[in-house]
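Below, each chain spelled out in residue letters.
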Amino acid sequence: MTQKLGKNLDGYHGETIDIRSVLREIETAAPAHGWTSEIFHTHGDLDWIALHRPSRSTSTLCSAATEDGDHAARKRIHISAGIHGDEPAGPLAALKLIQDDRWPGNMEIFLLPCLNPLGFLRNQRANPDGIDLNRDYRNPQSTETRRHIAWLERQPQFDLYLCLHEDWEAHGFYLYETNPDERTPLAEIMIAAVAPVCPVDGSEIIEGRPAQGGIIRPKISLHDRPDWPEAFYHITHKARQGYTLEAPSDFPLPIRVNALVAAVNAAVNSLTAGLMD
Ligand SMILES: [Zn+2]
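Source: prediction; values computed, not measured.

If you tally the helices and strands in the protein chain, you get 9 helices and 10 strands. Whereas a compact globule of 277 residues would reach a radius of gyration of roughly 19 Å, the protein chain reaches 18 Å, a difference of no more than 12%. In terms of its C-alpha atoms, the protein chain occupies a principal-axis envelope of roughly 55 × 45 × 40 Å. A separation threshold of at least 6 residues defines the contact pool for the protein chain, and within that pool the share at least 24 residues apart is 78%. For the protein chain, the accessible surface area stands at approximately 12000 Å², while carbon and sulfur atoms represent 49% of it.

Attention now goes to the coordination of the zinc ion. Ligation of the zinc ion by protein atoms is provided by H84 (ND1), E87 (OE), E87 (OE) and H165 (ND1), these donors lying 2.1 to 2.3 Å from the ion. Its 4 donor atoms give the zinc ion angles of 58 to 154 degrees at the centre, a pattern that matches the irregular case. Considered as a linear motif, the donors of the zinc ion on their single chain read H-x2-E-x77-H. Here H165 lies in strand 5 (residues 160–167) and H84 lies in the loop between strand 3 (75–81) and helix 4 (89–100), a separation of 81 residues in the sequence. Here H84 and H165 have matching classes, each one buried.

A few words now on the pairing of strand 6 (residues 174–178). Within strand 6, 5 of the 5 residues are buried, which leaves it mostly tucked inside the rest of the structure. Here strand 6 shows no split at all, with Y174, Y176 and T178 on one side and L175 and E177 on the other all buried. Two strands pair when backbone bridges link them, and strand 6 and strand 10 (residues 242–248) are joined in this way by 5 bridges, in the antiparallel orientation. Following the sheet pairing, L175 is matched in strand 10 by L245. Relative to strand 9 (residues 215–216), strand 6 runs parallel, the two being bridged by 2 bridges. Bridge pairing in strand 9 links L175 to I215.

In this section: the packing of aromatic side chains. Applying the stated criterion across every chain, the model contains 7 aromatic pairs. Considering the side-chain rings of W35 and W103, the 5.9 Å spacing of their centres and the 75 degrees angle between planes classify their relative orientation as edge-to-face. Highlighted residues: W35 in the loop between helix 1 (19–32) and strand 1 (36–43) and W103 in the loop between helix 4 and strand 4 (107–112), separated in sequence by 68 residues. For W35, a relative accessible area of 4% translates into the label buried. Measuring from ring centre to ring centre gives 6.2 Å for F40 and W151, while their planes differ by 35 degrees; the resulting arrangement is tilted. Linking F40 in strand 1 with W151 in helix 6 (residues 143–153), this pair joins segments that are 111 residues apart in sequence. Owing to a relative accessible area of 8%, F40 belongs among the buried residues under this scheme.

Looking now at the confidence of the model for the protein chain. Scored by pLDDT, the protein chain has a mean of 92; 94% of the residues are at 70 or more. Confidence drops under a pLDDT of 50 for residues 60–70, and excluding neighbours within four residues, the segment shows 8 contacts in the predicted structure.

Looking at the element boundaries, Q155 is found in the loop between helix 6 and strand 5. With sequence-adjacent residues up to four places away left out, Q155 is seen in contact with F110 and K238.

All right, on to the sheet that holds strand 10 then. By way of backbone hydrogen bonds, the strands of a sheet pair with one another, either parallel or antiparallel. Taken in spatial order, the 8 strands line up as 1-2-4-3-5-10-6-9 in an open sheet, and their pairing is mixed. One side of each edge strand has no neighbouring strand; the edge strands of this open sheet are strand 1 and strand 9. Sitting on the sheet, helix 4 touches strand 2 (46–53), strand 3, strand 4 and strand 5, and the angle it makes with strand 5 is about 130 degrees. Contacting strand 3, strand 4, strand 5 and strand 10, helix 9 (residues 253–272) crosses the sheet at an angle of about 165 degrees to strand 5.

Here we come to the packing of helix 1 against helix 4. Running from amino to carboxyl end, helix 1 crosses helix 4 at an angle of 20 degrees, the nearest separation of the two axes being 9 Å. Here helix 1 is positioned roughly parallel relative to helix 4, judged by the angle of their axes. At the point where helix 1 passes helix 4, the crossing takes the left-handed sense. Contacts between helix 1 and helix 4 involve I19, V22, E25, I26, A29 and A30 from the first element and P91, L92, L95, I98 and Q99 from the second. Residue composition of the contact of helix 1 with helix 4, by class: 9 nonpolar, 1 polar and 1 charged.

What follows concerns the environment of A211. With respect to the helices and strands, A211 occurs in the loop between strand 8 (209–210) and strand 9. Sequence separation between A211 and L175 is 36 residues; the distance between their C-alpha atoms is 9.3 Å. Each residue touching A211, except ones within four places of it in the same chain, is listed here: S203, E204, I206 and I216.

Conventions and cut-offs
Residues numbered from 1 in each chain as written. Predicted model: local features only at pLDDT ≥ 70, side-chain atom pairs only at ≥ 80, totals over all residues. Heavy atoms only, no water. Helix = DSSP H or I, 4+ residues; strand = E, 2+ residues; numbered from the N terminus. Rg over C-alpha atoms; globule rule 2.2 N^0.38 Å. Contact = heavy atoms within 4.5 Å. Areas by Shrake-Rupley, 256 points an atom, 1.4 Å probe, with all protein chains shown as cover. Donors = N, O, S within 2.8 Å, 3.2 Å for Na, K, Ca; no water. Tetrahedral: all angles 85-135°; square planar, octahedral: opposite > 155°, others 65-115°. Buried < 20%, exposed > 50% of the residue type's maximum accessible area, 1.4 Å probe, protein only. Pairing = 2+ DSSP bridges. Phe/Tyr/Trp six-rings, centres within 6.5 Å; stacked < 30°, edge-to-face > 60°. pLDDT = per-residue confidence, 0-100. Axes fitted to C-alpha atoms, helices over the stretch in contact; angles between N-to-C directions. Parallel < 35°, antiparallel > 145°, perpendicular 65-115°, else oblique. Left-handed = near helix turned anticlockwise from the far one by under 90°. Nonpolar A, V, L, I, M, F, W, Y, C, P; charged D, E, K, R; others polar.

Here's what the structure looks like:
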């Protein structure tokens, strides 16, 4: 079993990435695999990009059916990464997912590979003003979050959201599930897919919350909490099921990237299994 590196004792001290070159690679790979790209914010030479890949479902039977039938034939997902600038596995996982191109045909994907590029320039969690963007989704103060929300308001509803993160304190991979309508859970399927490529955190308490087999099902109180993470915005406005995925930063970067990629692949395949294609 892979051992922890023991480097991250008071914060993240692991590998860093050149976010400009990762974003350039993403912008090169995406159109070659059928993605379109929209810039929803710029600062200096950095662009905040939203990638879109339409469903490739060829079923005319389904598309010609009722609104419900049409919708049931394909699923829509929002995947975001890089909201914390000291968590390089997320943007790298986005790049690998684009390059691997293993998406189910009946899935429409919105992929935001880096929500905090300025944080990556400094290898820091927050943006340059010290704002943790993942606590800024209720009454947004940062331009980055305001622009992301303005973009979200122009998009359709999603069936699922996935937020790609890392945790430098974790003993292995874990995730948060938010599923208030009790739809078919995807948590166990994702953990099972990650386990062969990355250790799973088996702690009974993670980040102060009860956990089981790397799964946290938090009791969320949207209205008591002023500092909404991105996930709270999605649950309130855009998607009724979603996951925050946490790769363990104290393991080598390729393992963390593979863990996030395995979890995303498992979620999208499970979500679209059984749909007409
Ligand atoms: Zn994070």
